[in-house]
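# Per-entry structural report
Listed below are the residues making up each chain.
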Amino acid sequence: RARALARQQMAPHEAAMGSAAPSEAIAYGLLTPGEAVASVDERLAACASRHLLLELGQACSMLRREADAVRIFRALSHAFAAGGASRAAAAAEHPVLADDARARLFEREVYTHWGAAAARLGGRAEERRVYQLAVERGLWRSTLQRPLEHYARSLTARPFWEASELPEAAALQRAFPAILAECNALLARRGGAFA
């Protein structure tokens with residue numbers, strides 16, 4: 001089951017893993033810098049192993065074997081930590097990939113689970129240390145804001161943004177008349193209440 005799940009998670013990225021330009025896969029966070037010289041089959045096997053280890057770490061956490069989970073997540077994090085200069089070069093070469101909201105998603109997932117396991121094992125101070133390490137390694141800007149799926153590196157901390165600066169917000173503004181009409185129609189069908 002774990003192998004099937006790992007393959008399912010890898011499927012969208014198999015073409016990039018086997019691409020002639022491994023720097024793209026490094027910039028996106030699919031390959032570690034050390035895997036760039038490996039054969040395509042070795043790259044795929046390494047990625048599958050990482051996914052299996054992530055699943056094993058999550059299973060250990062579910063079974064309350066936090067010490068084992070922490071060891072697994074720490075080992076996974078170190079796989080990506082080596083070769084920082086290679087990663088920086090790949091990101092500079094492929095800035096669109098490196099800035100994609102889903103870039104380095106696997107690493108963020110590792111640190112999220114590692115932090116949670118560390119908190120259960122050693123308390124909040126241990127959790128903060130894990131998240132601080134993730135910030136130092138460029139996964140997040142803050143230990144307090146740790147998005148997994150949609151991380152927009154270009155967004156900075158400020159209280160308000162103009163809709164014109166955020167394509168998603170502008171799309172919502174344009175759709176507001178249709179959204180309002182749909183809401184009003186729903187309220188009319190339900191006698192003015194949502195419940």
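So, a few notes on the structure that sits alongside this text.

Quick notes on the rules
- Numbers given for residues are sequential positions, taken from 1 along each chain in its written order.
- Residue-level local features of this predicted model are given only where pLDDT is at least 70; pairs of side-chain atoms are given and counted only at 80 or more, and the full residue set underlies all totals for whole chains, interfaces and linings.
- With hydrogens and water excluded, all non-hydrogen atoms of the structure serve as input to the side-chain values.
- Counting from the N terminus, the helices are the DSSP runs of H or I reaching at least four residues and the strands are the DSSP runs of E reaching at least two.
- Each helix should span, by expectation, one fewer than its residue count multiplied by 1.5 Å.
- Two axes define the bend at a residue: one fitted to the seven residues ending there, one fitted to the seven starting there, and the bend is the angle between them.
- By nonpolar core is meant a set of buried Ala, Val, Leu, Ile, Met, Phe, Trp, Tyr and Cys residues that side-chain atoms within 4.5 Å join together.
- The classification of residues rests on relative accessible area computed with a 1.4 Å probe and restricted to protein chains. Under 20% of the type maximum is buried, over 50% is exposed, and intermediate values are partly exposed.
- Between two residues, a contact is recorded if the distance between any of their heavy atoms is within 4.5 Å.
- The criterion for an aromatic pair is that two Phe, Tyr or Trp rings (for Trp, the six-membered ring) have centres within 6.5 Å, with stacked assigned to planes under 30 degrees apart, edge-to-face to planes over 60 apart and tilted to the rest.
- Each ring is checked for a lysine NZ or an arginine CZ that lies within 6 Å of its centre and within 35 degrees of its normal; such an atom marks a charge sitting over the ring.
- Any Lys or Arg side-chain nitrogen found within 4 Å of a carboxyl oxygen on Asp or Glu counts as a salt bridge.

Turning next to helix α10 (residues 167-189). An ideal rise of 1.5 Å per residue puts 33 Å on 23 residues; α10 measures up with 32 Å between its terminal C-alpha atoms. At Ala-175, α10 is deflected by roughly 55°, the largest bend along its length, and proline Pro-177 occurs up to four residues later in sequence. Once α10 finishes, Gly-191 follows within two positions and takes phi at roughly 70°, a positive value.

In terms of nonpolar packing, the biggest core is built from 21 residues, with Phe-73, Leu-76, Tyr-111, Trp-114 and Trp-140 touching the most fellow members. Broken down by secondary-structure element, the contributors of at least two residues to this core are α4 (40-62), α5 (66-81), α8 (105-122) and α9 (124-136). Ignoring sequence-local partners within four residues, the contact set of Leu-76 consists of Arg-50, Leu-53, Leu-54, Phe-106 and Val-110. Listed in part, the 9 residues of the second largest apolar core include Ile-26, Tyr-28, Ala-90 and Ala-103.

Moving on to the packing of aromatic side chains. Within this structure, the stated rule accounts for 3 aromatic pairs. Taking the centre distance of 6.1 Å and the plane angle of 45° together, the rings of Phe-80 and Phe-106 count as tilted. Of this pair, Phe-80 sits in helix α5 while Phe-106 sits in helix α8, and the two are 26 residues apart along the sequence. Sitting over the ring of Tyr-131, Arg-146 keeps its end group 3.8 Å from the ring centre.

Attention shifts here to the pattern of salt bridges. Throughout the structure, instances matching the rule amount to 8 salt bridges. Among the ionic pairs, Asp-68 bridges to Arg-65, the shortest N-O distance being 2.6 Å. Looking at Arg-65, the relative accessible area reads 46%, which means it is partly exposed. Residue Arg-124 pairs with Glu-127 through a salt bridge whose shortest N-O separation is 2.6 Å.

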